Amino acid sequence: NCIFTQSLARRNKARKELLQACAAVTLLACWVRQINGRRKLQALRREKASILIQNRYRIMSARMVLCNSLCGAICIQRIWRGALQRPKYPIMIAEAKEEARVNSKIAALQKRLADAEMKLIRADKERILYENGG
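Residues numbered from 1 in each chain as written. Predicted model: local features only at pLDDT ≥ 70, side-chain atom pairs only at ≥ 80, totals over all residues. Heavy atoms only, no water.

Some thoughts on the overall build of the chain
Keep this limit in mind: Strands here mean DSSP runs of E at least two residues long; helices mean DSSP runs of H or I at least four residues long; both are numbered from the N terminus. Atoms counted for the radius of gyration: C-alpha only. Globule rule: 2.2 Å times residue count to the power 0.38. Burial classification: accessible surface area is computed with a 1.4 Å probe over protein chains only, and a residue below 20% of its type maximum counts as buried, one above 50% as exposed, and the rest as partly exposed. Shrake-Rupley sampling with a 1.4 Å probe provides the accessible areas, and residues are treated as covered by the protein chains on show and by no other component.
The secondary structure content of the chain amounts to two helices and zero strands. On C-alpha atoms alone, the chain measures out to a radius of gyration of 53 Å, which is more than a quarter above the 14 Å that the 2.2 N^0.38 rule sets for 134 residues. Here the C-alpha coordinates of the chain stretch approximately 165 × 55 × 15 Å along the principal axes. When the 134 residues of the chain are sorted by exposure, 0% land in the buried category. About 13000 Å² of surface is accessible on the chain, with carbon and sulfur atoms providing 65% of the total.

A word on the pattern of salt bridges
So the rule is basically this: For this analysis, a salt bridge means a side-chain nitrogen from Lys or Arg found within 4 Å of a carboxyl oxygen belonging to Asp or Glu.
Scanning all chains against the criterion turns up four salt bridges. Linking Asp115 and Lys111 is a salt bridge whose minimum nitrogen-to-oxygen distance equals 3.7 Å. With a gap of four residues between them, Asp115 and Lys111 both fall in helix 2 (residues 88–131), about one helical turn apart. Residue classification places Lys111 among the exposed residues on the basis of a relative accessible area of 55%. Three or more residues are tied together by salt bridges with common partners; here these are Asp124, Arg127 and Glu131.

So, in structure tokens, the structure goes:
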């Protein structure tokens, strides 16, 4: 009976020590996993940031290439359109001068017509006044 009690006490003491050791190991393992997790998270954040920087740099480079290409295309279009229009320009200038000359003649004729109509209206008024007794 005494041996049984001693055995029971030793077993309880061993179990308590085992549970304390297990708790300590679990706590230590948790702490290690937490440290490793934080390190991995920081590494992932750095990697994500570096990928973002690389992505933005590639976009900027592509935009610069596109802008340069567009500038070159615009320059070529300008030269080509100028070459197409240069032969037509003297003809257009001559047509514009002719149109301006015709418009000035039309304006002069319209003025003469208006003056003639006013003269005719005055003559009619004088004739009516003369016929009515004046």
